[in-house]
Amino acid sequence: DDKALKYFIFDHADLIKNIIIYVKINFKDESLSEKLDNLYNLMDFNKAKAVNGALLLSLGFKPSPLFSEIINETAFLLAINELKKDNIEEYIKTRWC
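Computed from a predicted structure; not experimentally measured. (Residues numbered from 1 in each chain as written. Predicted model: local features only at pLDDT ≥ 70, side-chain atom pairs only at ≥ 80, totals over all residues. Heavy atoms only, no water.)

Draft legend 1. Representation of the overall build of the chain in the model. Of the regular secondary structure elements, the chain holds seven helices and zero strands. Sequence-ordered secondary structure for the chain, helices as α and strands as β, is α-α-α-α-α-α-α. A globule of 97 residues ought to have a C-alpha radius of gyration of about 13 Å, yet the chain, at 16 Å, is considerably larger. Buried positions account for 30% of the 97 residues belonging to the chain. Partitioning the contacts of the chain with sequence separation of at least 6, the portion at a separation of at least 24 is 60%. Put simply, the chain shows about 6,300 Å² of open surface, and 54% of that area lies on carbon and sulfur atoms. Distance from the positive charge centre (13 side chains) to the negative charge centre (15 side chains) of the chain: 3 Å. (Helix = DSSP H or I, 4+ residues; strand = E, 2+ residues; numbered from the N terminus. Rg over C-alpha atoms; globule rule 2.2 N^0.38 Å. Buried < 20%, exposed > 50% of the residue type's maximum accessible area, 1.4 Å probe, protein only. Contact = heavy atoms within 4.5 Å. Areas by Shrake-Rupley, 256 points an atom, 1.4 Å probe, with all protein chains shown as cover. Lys, Arg positive; Asp, Glu negative; His and termini not counted. Charge placed at Lys NZ, Arg CZ, Asp CG, Glu CD.)

See below:
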């Protein structure tokens, strides 16, 4: 499932290049390593930075463990282009209010 692979990539973005090399060398799986590389290159990690604690505070959320959940989910959707920057606030309000 591409979305699951994208989440894996998002969650391990700092290691993904090493993981791709590891898969290629140790599992001799060119197709998986190419798929991971292609999906990684399609993701926009800069967009993911658009959601943060300051934004949540401005929307009336109080600091809590929920902050991480909201930030992680929203940042992931931004990175894979399933959520647009101009819809962040509406998405958060709809999903968590």
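Here the narrative resumes.
Draft legend 2. Representation of helix α2 (residues 16–26). The set of residues buried in α2 consists of I16, I19, I20 and V23. Down the axis of α2, the smallest arc covering the buried residues is 100°, so these residues share one side. Residues of α2 that are exposed and point over 90 degrees away from its buried face: N18 and I25. If you follow the buried residues of α2, they end up packed against α1 (2–11) and α3 (30–42). K28 occupies a position one or two residues after α2 and carries a positive phi of about 50°. (Arc of directions from axis to C-beta.)

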